[in-house]
Every structure is written in C-alpha cells, then in structure tokens.
Amino acid sequence: MTNDPERKPKDFDCVASVRKIRDGISAEIAGMSGEELRRWFNSREYSDPILRRFASRAKRSASRTGESPR
C-alpha cells in the first residue's frame, strides 16, 4: 500500500469481508460429516448464476447416477 496523501480511505475492505464470511461458514460447518456437508451445500440458495448452474448440474448428474446429490 502506498502512502499517497491523495488516496481516499476505503469505504469497503474486500479482504476483511471475505475473511469474515469464510470464518462464519467454517464455524457453521465445523464437525459436519460428509453427508451433512452435502445436505448443507444442497440447501444453499446461490445468487451467482454460475454457481446456480453448477449446483443444478451436480443435482441432475447425481439423480441420473442414483447417487445422493452432492
């Protein structure tokens, strides 16, 4: 980071935000079994269209192979 006197202070700290979110998720899923993690992931609603598409494809693939959705 530079000491530029004209640089405005940050309104939003992306790194701190990501760390806070990651720490919250880690605390929520700590100690879950593999099956519990699968159910947790499948219960999430994704706002990102790419993540929604990946989740949808994973569920369809699992249903075709007879596996539990991952």
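What counts and how
Residues numbered from 1 in each chain as written. Predicted model: local features only at pLDDT ≥ 70, side-chain atom pairs only at ≥ 80, totals over all residues. Heavy atoms only, no water. Helix = DSSP H or I, 4+ residues; strand = E, 2+ residues; numbered from the N terminus. Buried < 20%, exposed > 50% of the residue type's maximum accessible area, 1.4 Å probe, protein only. Patch = residues over 30% accessible without salt bridge, like charges linked within 9 Å, V, L, I, M, F, W, Y side chains within 5 Å. Areas by Shrake-Rupley, 256 points an atom, 1.4 Å probe, with all protein chains shown as cover. Salt bridge = Lys/Arg side-chain N within 4 Å of Asp/Glu carboxyl O. Lys, Arg positive; Asp, Glu negative; His and termini not counted. Charge placed at Lys NZ, Arg CZ, Asp CG, Glu CD. Phe/Tyr/Trp six-rings, centres within 6.5 Å; stacked < 30°, edge-to-face > 60°. pLDDT = per-residue confidence, 0-100.

### A closer look at the overall build of the chain
Here comes step 1: The helix and strand inventory of the chain stands at 3 helices and 0 strands.
Here comes step 2: Here the chain holds 70 residues, and the buried ones make up 3% of them.

### A word on a positive patch on the surface
Here comes step 1: On the surface, Arg53, Arg57, Arg60 and Arg64 cluster together to form a positively charged patch.
Here comes step 2: Here Arg53 is to be found in helix α3 (residues 49-65).

### Examining the packing of aromatic side chains
Here comes step 1: Under the defined criterion, the tally for this structure stands at 1 aromatic pair.
Here comes step 2: With centroids separated by 5.0 Å and ring planes inclined at 80°, the aromatic side chains of Trp40 and Phe41 adopt a geometry described as edge-to-face.
Here comes step 3: On the accessibility criterion, Trp40 (10% relative accessible area) is buried.
Here comes step 4: Judged by relative accessible area, Phe41 falls into the partly exposed class, the value being 40%.

### Things to note about the pattern of salt bridges
Two side chains bearing opposite charge may form a pair once their charged atoms approach each other closely.
Here comes step 1: Across all of its chains, the model carries 4 salt bridges by this definition.
Here comes step 2: The partner of Arg22 in a salt bridge is Asp23, with the nearest N and O atoms 4.0 Å apart.
Here comes step 3: Owing to a relative accessible area of 48%, Asp23 belongs among the partly exposed residues under this scheme.
Here comes step 4: Residue Arg38 pairs with Glu35 through a salt bridge whose shortest N-O separation is 3.1 Å. Of this pair, Arg38 and Glu35 both sit in helix α2 (residues 34-42), separated by 3 residues, roughly a single helical turn.

### Structural notes on the confidence of the model for the chain
Here comes step 1: Overall, the predicted model of the chain reaches an average pLDDT of 84, with 89% of residues at or above 70.
Here comes step 2: The least confident element of the chain is α3, whose mean pLDDT is 83; the most confident is helix α1 (residues 14-29), at 94.

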